[in-house]
Amino acid sequence: MIQLENLTKIYRTRGQRSVVADRLNAVFPTGASVGLLGRNGAGKSTLLRMIAGTTLPTSGRIRSDGTISWPVGFAGSFHPDLSGSQNVRFVARVYGVDSDELVDYVADFADLGPRFHAPFGTYSSGMRSRLAMGCSMGIRFDTYLVDEVTSVGDSEFREKSQRVFADRMAASSAIVVSHSMPMIRRLCTMGAVLDRAHLYVFDSVDEAIAYHEYVMGVPDTVGD
């Protein structure tokens, strides 16, 4: 279970005040896969980072009774001077998993060949995505946070990532951000819409999609 309690996030830049989350209250039950919807710039990725613990809220708190992943496929925390394998070993130590097992898993999953032992800073964006996705899938979490997971890598790698992720979802919860409504319907059991700093939670993923499309101005959705 993940519970948001009066969660607020305010950014202040150049004297301007931008409210991304305004006293959000919600419960995402254990075993649920939640599709997190909203227009571009609504703050969905910021909300994921707050749930992951990599971004601090301005006020309020997040409670959880299980382990939570970082946003799946996110490569921003890897050290550029360490090799891919060294970065994976560091992640393993942080999360308390067997480092040799995780290194072996990521080496096979990411399929980087000799570049796995080259500095991360020399990687292309595709190689970074492969390493990050391998780390994400190599550790078992109670809840996975997913931010456009299908956008990483080439088509063959995306297909492999989707297969492995579907396997993980059989035993875990998830919060999924995607602009693909077919993907949201396939992966999620309920939905939430972040709009103008407020969060609207729906037990039905179809109802969440309908409300999202209504907010976006798509015709023939939620009532006239």
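Everything discussed here concerns the structure shown above.
The rules behind the values
Within every chain, residues take consecutive numbers counted from 1 along the sequence as written. At least 70 in pLDDT is required for a residue's local features to be given in this predicted model, at least 80 for side-chain atom pairs to be given and counted, and no such filter applies to totals for whole chains, interfaces and linings, which use all residues. Note: side-chain values were computed over all heavy atoms of the structure, leaving out hydrogens and water. Throughout this description, the term salt bridge denotes a Lys or Arg side-chain nitrogen within 4 Å of a carboxyl oxygen of Asp or Glu. Per-residue accessibility, obtained with a 1.4 Å probe over protein chains only, is compared with the maximum for each type, and a residue is labelled buried under 20%, exposed over 50%, and partly exposed between these values. In short, DSSP must find at least two bridges between two strands for them to pair. Labels follow the DSSP assignment, with helices taken as runs of H or I lasting at least four residues and strands as runs of E lasting at least two, numbered in each case from the N terminus. For helices, the fitted axis covers only the stretch in contact; all axes are lines through C-alpha atoms, and the angles between them, taken along N-to-C directions, range from 0 to 180 degrees. Two residues form a contact once any of their heavy atoms are found within 4.5 Å. Note: the arc covers the axis-to-C-beta directions of the helix. Residues adjacent in sequence count toward polar contacts only when both atoms are side-chain atoms; beyond that, a polar contact is any pair of N or O atoms within 3.5 Å, and within protein one must be able to donate a hydrogen and the other to accept it. Expected span of a helix, by definition, is 1.5 Å for each gap between consecutive residues, and there is one gap fewer than residues. Detection works on a 1 Å grid of protein atoms alone, calling trapped sets that fit a 1.4 Å probe cavities and calling open sets with protein on both sides within 12 Å along at least five of seven lines pockets, with lining residues defined by an atom within 4 Å of a point. Grid points are joined across faces, edges and corners, and a volume is the space filled by probe spheres set on the points. Residue classes follow a fixed rule: Ala, Val, Leu, Ile, Met, Phe, Trp, Tyr, Cys and Pro count as nonpolar, while Asp, Glu, Lys and Arg count as charged, and any other residue, Gly among them, counts as polar. Should an angle fall under 35 degrees it is taken as roughly parallel, and over 145 as roughly antiparallel, whereas 65 to 115 is taken as roughly perpendicular and any remaining angle as oblique. It is the rotation of the near helix from the far one that decides the hand of a crossing: anticlockwise by less than a right angle makes it left-handed, clockwise makes it right-handed.

Draft legend 1. Structural detail: the pattern of salt bridges. Within the structure shown, the criterion is met by eight salt bridges. When the shortest N-O distance is used, the salt bridge between Asp22 and Arg23 registers 3.1 Å. Exposure remark for Arg23: the relative accessible area of 55% places this residue in the exposed category. With a shortest N-O distance of 3.0 Å, Asp195 and Arg196 are connected by a salt bridge. Each of Glu5, Arg61 and Arg63 takes part in a single network of salt bridges with overlapping partners.

Draft legend 2. Expanded view of the sheet that holds strand S9 (residues 198-202). Read across the sheet, six strands follow the order S5-S6-S7-S3-S8-S9 without closing on themselves; strand pairing throughout is mixed. The sheet is open, and its two borders are formed by strand S5 (68-72) and S9, each paired with just one other strand. Each strand axis lies, on average, 15 degrees off the axis of its neighbour in the sheet, ignoring direction. The strands that helix H4 (residues 125-138) touches are S5 and strand S6 (143-147); relative to S5, the one it contacts most, it runs at about 160 degrees. The sheet contacts of helix H7 (residues 205-215) involve strand S3 (33-37), strand S8 (190-195) and S9, and relative to S8 the element is tilted by about 20 degrees.

Draft legend 3. Highlighting H7. Listed in full, the buried residues belonging to H7 are Val205, Ala208, Ile209, Tyr211, His212 and Val215. One face of H7 carries all of its buried residues, which in axial projection span an arc of 165 degrees. Along its buried surface, H7 packs onto S3, helix H6 (181-187), S8 and S9. The opening residue of H7 is Ser204, an N-cap whose side-chain oxygen sits 3.3 Å from the backbone nitrogen of Asp206. Taken from the residues just after H7, Gly217 is the one with a positive phi, measuring 85 degrees.

Draft legend 4. Quick look at the pairing of S8. Where burial is concerned, most of S8 is hidden: six out of the six residues are buried. Of the two faces of S8, the one holding Met190, Ala192 and Leu194 and the one holding Gly191, Val193 and Asp195 are both buried throughout. Where S3 lies against S8, four bridges are found, and the strand directions are parallel. When the bridges of S8 are listed, Gly35 appears paired with Gly191. Direction of pairing for S8 relative to S9: antiparallel, over a ladder of five bridges. Opposite Asp195, over in S9, you have His198 as the bridge partner. Hairpin connection of S8 to S9: two residues between the antiparallel strands, including Arg196 at a positive phi of 50 degrees.

Draft legend 5. Structural detail: helix H5 (residues 155-169). An ideal rise of 1.5 Å per residue puts 21 Å on 15 residues; H5 measures up with 21 Å between its terminal C-alpha atoms. Those residues of H5 that sit buried are Phe157, Ser161, Val164, Phe165, Arg168 and Met169. Projected down its long axis, H5 carries its buried residues within an arc of 140 degrees, all on one side. Exposed and facing more than 90 degrees away from the buried side of H5 are Glu156 and Arg163. In this structure, the buried side of H5 is in contact with S3, helix H3 (99-110), H4, S6, strand S7 (173-177) and H6.

Draft legend 6. Just the layout of surface pockets, in detail. One number sums up the size of the largest pocket: a volume of about 310 Å³. Lining the largest pocket are 13 residues, and of these Trp70, Ser77, Val91, Val94 and Tyr95 lie nearest its centre. Those elements that place two or more of their residues in the lining of the largest pocket are S5 and helix H2 (84-95). Broken down by element, the residue count for the lining of the largest pocket peaks at five residues, all from H2. Considering only residue class, the lining of the largest pocket consists of 10 nonpolar, three polar and no charged.

Draft legend 7. Layout of the packing of H4 against H5. Their axes nearest at 11 Å, the elements H4 and H5 cross at an angle of 15 degrees. As far as their axial angle goes, H5 and H4 are roughly parallel. At the point where H4 passes H5, the crossing takes the left-handed sense. Between H4 and H5, the contacting residues are Ser129, Arg130, Met133 and Met137 on the first element and Phe157, Ser161, Val164, Phe165 and Arg168 on the second.

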